[in-house]
2 protein chains.
Amino acid sequence: MPSEFELIRRFFTRPPRHAVLGVGDDAAILAPTPGMELLVSTDMLVEGTHFLPETEPQALGWKTLAVNLSDLAAMGARPRWALLAVALPEADEGWIAAFAEGLFACAEAFGVDLVGGDTTKSPPTAAALQRPPPGGQGSTWDGPACFPGPRVFCVTVLGEAPAGRALRRSGAKVGDWIWVSGWPGRAALGLAHLQGRVVLAEAELGPCLNALHRPQPRVALGLGLRELATAAIDVSDGLLADLGHVLEASGVAARLRVAVAGPRSGISGVPGVPGVQGTPTPTFAEQCYLSGGDDYELVFTAPPARAGEVQALATALDLPLTRLGEVVAGGAGGLTLTNAEGQIITPSRFGYEHFS
Amino acid sequence: MPSEFELIRRFFTRPPRHAVLGVGDDAAILAPTPGMELLVSTDMLVEGTHFLPETEPQALGWKTLAVNLSDLAAMGARPRWALLAVALPEADEGWIAAFAEGLFACAEAFGVDLVGGDTTKSPPTAAALQRPPPGGQGSTWDGPACFPGPRVFCVTVLGEAPAGRALRRSGAKVGDWIWVSGWPGRAALGLAHLQGRVVLAEAELGPCLNALHRPQPRVALGLGLRELATAAIDVSDGLLADLGHVLEASGVAARLRVAVAGPRSGISGVPGVPGVQGTPTPTFAEQCYLSGGDDYELVFTAPPARAGEVQALATALDLPLTRLGEVVAGGAGGLTLTNAEGQIITPSRFGYEHFS
């Protein structure tokens, strides 16, 4: 490794606050809290698949950790430690410093210690693959080291929950009500705006871009739901798709009420997806609501008798918790959508395969 | 993600043996053993930097996990769980199946549960980076998706050690003896043979290629050293370089005896580096011994009074444990090398910067 990578490594080394031993040895040493179970999750973000080269590095640093903390939030775990492995094509100090700033801002906001990591070089692709250039012999391609390797980040997060109390996807029961937090669809609307597919009003653009670039893992909500919800998941792939995972794991189906093409988009009773007024079609905003990924809201199920406590939690956290529908008996993962008048609709355009 | 990646995911999903919940939810749930501390380490392997595209996938699968377990071994931890994140350019099922086979062979050999992971697509590099082709306008480069993205693996391993008993790099004391396990240099010699830089005799080639392709993390040794050694590290960058990390972390120096250009290469008293007879120069084999990385042997320090117990451990494990020299007072990280006759030598060719 070039010594510039040693410099970079320093950006990611800060004294741990609650680890026995942090960065600098062969492994970190952590002291698990007695009586707690350990929750562990890992995610890889690859340039070109998960983010574009021009993504602002500070936002990317935040998001790289935040999406992992969202997995812990969905399990009702308290985040405690993280490890970060990075592959970089070059030692661009300014870029790395900004990325580290965003990452540590997220770590500090959620009480997480970065306790370990790995820094490695992402090699020029053609050199790495030792393949001939495209275009064959006629190509004027001028050497093997033609494209810098992609940036890659891999974060592992560790959290804790009292033994036997972590929230799983598999606990939803027939009769449970289905809830979602916050404002799903914002991230997808923000992205659509950046791509020129919709035009959001000024007041709506800010929250949507914030949701896209600086998602808030619902850690406090997850902790509050630990004694309340029967199942939970975070919305990374889209509300319907992720709810589908809960239904499949729980062996149940669901009935949701959607106000298709209504004056306000989204599930009936929802505060409304920001930006719906500014978009050409309410249907598009609704599509973002139901199928847009990258929001990191929580979808969860709870018995109807706990609805008051769910509402009290919403008030305490100052976070909308909206009822979407209820868990019903049926083929695992089956979804029935109805409009506001209770008529069944078939929203095949939402890209979800398991509609009943 | 294309659904073929769902198929691939299955290759990496086996029922956990000692996890509360394995692959399939937002996070794995683990029950730490009461009284134990948790040891965690993460490593990223990138195609082109850590391995070549033509590397045999089964060996690569083994090595990807083994090098991580080596970090736990160096801390005296018992490996328990692992997580694997992968980025792949395409769903080559045969390749993945072989990789998974190697990985799980290593996991089973060392009692490790694969409890979580992430599968993602490694995008074509030019497309990912959205940059013009080399050669400018005159290029016959025929499209943006010209090179498949690299394979990337990121493994996180978790192990346990009794509270306060993990081996650190920082515990070496003046007067301690310095030891190394096994046969450092074998991996580097094997690589040199494959690269045509040396020719190893048939009998020596096997062990050297085994060390290169299927390194054995010294887990049992690490456990045995927990009550015996004052400091330890695994040899990934080279014996002198990694010993240097121990000396620096401990604030001490060392004096080692090396038999330069002797009839048998390596440190005096060492069983000898395999292949030295077949190589053109003993110096080359010695260089592999002192500076060759990728062996994953352990270097450790222990008080002279414990030498008998170290030897007993060697016998019990049927693994050579060889004394290299001793820890001395001096500038942190300083190394003095002497030949068999006790004369100081300056092996600048070993690429180690901290010789005193």
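For the structure itself, look to the data block above.
Rules used in this analysis
Residues numbered from 1 in each chain as written. Chains lettered and ligands numbered in written order. Predicted model: local features only at pLDDT ≥ 70, side-chain atom pairs only at ≥ 80, totals over all residues. Heavy atoms only, no water. Pairing = 2+ DSSP bridges. Helix = DSSP H or I, 4+ residues; strand = E, 2+ residues; numbered from the N terminus. Contact = heavy atoms within 4.5 Å. Axes fitted to C-alpha atoms, helices over the stretch in contact; angles between N-to-C directions. Left-handed = near helix turned anticlockwise from the far one by under 90°. Buried < 20%, exposed > 50% of the residue type's maximum accessible area, 1.4 Å probe, protein only. Phe/Tyr/Trp six-rings, centres within 6.5 Å; stacked < 30°, edge-to-face > 60°. Lys NZ or Arg CZ within 6 Å of the ring centre and 35° of its normal.

A. A look at the sheet that holds strand β11 (residues 335-338) of chain B. All names here are of chain B. Strand order in the open sheet formed by 7 strands is β7-β9-β6-β10-β8-β11-β12, and the pairing between neighbours is mixed. Of all the strands in the sheet, the pair left with one neighbour each is β7 (231-234) and β12 (344-345). Where β11 lies against β12, 2 bridges are found, and the strand directions are antiparallel. Residue Leu-337 lies in a different strand from β12, and its bridge partner there is Ile-345. Set on the sheet, helix α2 (residues 57-74) makes contact with β7 and β9 (298-302); between it and β7 the angle comes to about 175°.

B. Structural detail: the packing of helix α2 (residues 57-74) of chain A against helix α3 (residues 93-109) of chain A. All names here are of chain A. One way to put it is that α2 packs onto α3 with a least axis distance of 6 Å and a crossing angle of 35°. Relative to α3, the crossing made by α2 is right-handed. Counted together, Pro-57, Gln-58, Leu-60, Gly-61, Trp-62, Thr-64, Leu-65, Ala-66 and Leu-69 of α2 and Trp-95, Ala-98, Phe-99, Glu-101, Gly-102, Leu-103, Ala-105, Cys-106, Ala-107 and Ala-109 of α3 form the full contact between these two elements.

C. Spatial organisation of unusual backbone geometry. Residues and elements named next belong to chain A. The phi dihedral of Asp-294 falls on the positive side, at around 70°, and the residue is not glycine. The exposure class assigned to Asp-294 is partly exposed, which follows from its relative accessible area of 24%. Although it is not a glycine, Tyr-296 sits at a positive phi angle of roughly 60°. Within the secondary structure layout, Tyr-296 lies in the loop between α9 (282-291) and β9 (298-302). Note on Tyr-296: relative accessible area 9%, which makes it buried.

D. Fine view of the packing of aromatic side chains. Tallying each qualifying case throughout the model produces 15 aromatic pairs over all chains. Between the aromatic rings of Phe-99 of chain A and Phe-153 of chain A, the centroid separation amounts to 4.2 Å while the plane-to-plane angle is 15°, which identifies the pairing as stacked. Of this pair, Phe-99 of chain A sits in helix α3 while Phe-153 of chain A sits in strand β5 (residues 152-162), and the two are 54 residues apart along the sequence. Exposure class is identical for Phe-99 of chain A and Phe-153 of chain A. Each is buried. With centroids separated by 6.4 Å and ring planes inclined at 5°, the aromatic side chains of Trp-179 of chain A and Phe-300 of chain A adopt a geometry described as stacked. Of the two residues, Trp-179 of chain A is situated in strand β6 (residues 177-181) and Phe-300 of chain A in strand β9; the sequence distance between them amounts to 121 residues. Taken together, Phe-12, Phe-51, Trp-95, Phe-99 and Phe-153 of chain A form an aromatic cluster joined through their ring pairs. Positioned above the aromatic ring of Trp-183 of chain A is the side chain of Arg-186 of chain A, whose terminal nitrogen or guanidinium carbon lies 4.2 Å from the ring centre. Directly above the ring of Trp-177 of chain B sits Arg-323 of chain B, whose terminal nitrogen or CZ lies 3.6 Å from the centroid.

E. Spatial organisation of the sheet that holds strand β1 (residues 28-30) of chain A. With mixed pairing, 5 strands are arranged side by side in an open sheet as β1(A)-β2(B)-β5(B)-β3(B)-β4(B). Taken across any chain shown, the strands that pair with only one partner, and hence form the sheet edges, are β1 of chain A together with β4 (113-121) of chain B. Ignoring which end each strand starts from, the neighbouring axes of this sheet average 20° apart. Strand direction decides the pairing type here: strand β3 (residues 78-88) of chain B and strand β5 (residues 152-162) of chain B, joined by 9 bridges, are antiparallel. Bridge pairing links Val-86 of chain B to Phe-153 of chain B in β5 of chain B. Running over the sheet, α2 of chain B touches β2 (36-46), β3 and β5 of chain B and is turned about 35° from β5 of chain B. The strands touched by helix α3 (residues 93-109) of chain B within the sheet are β3, β4 and β5 of chain B, with β3 of chain B carrying the most contacts at an inclination of about 165°.

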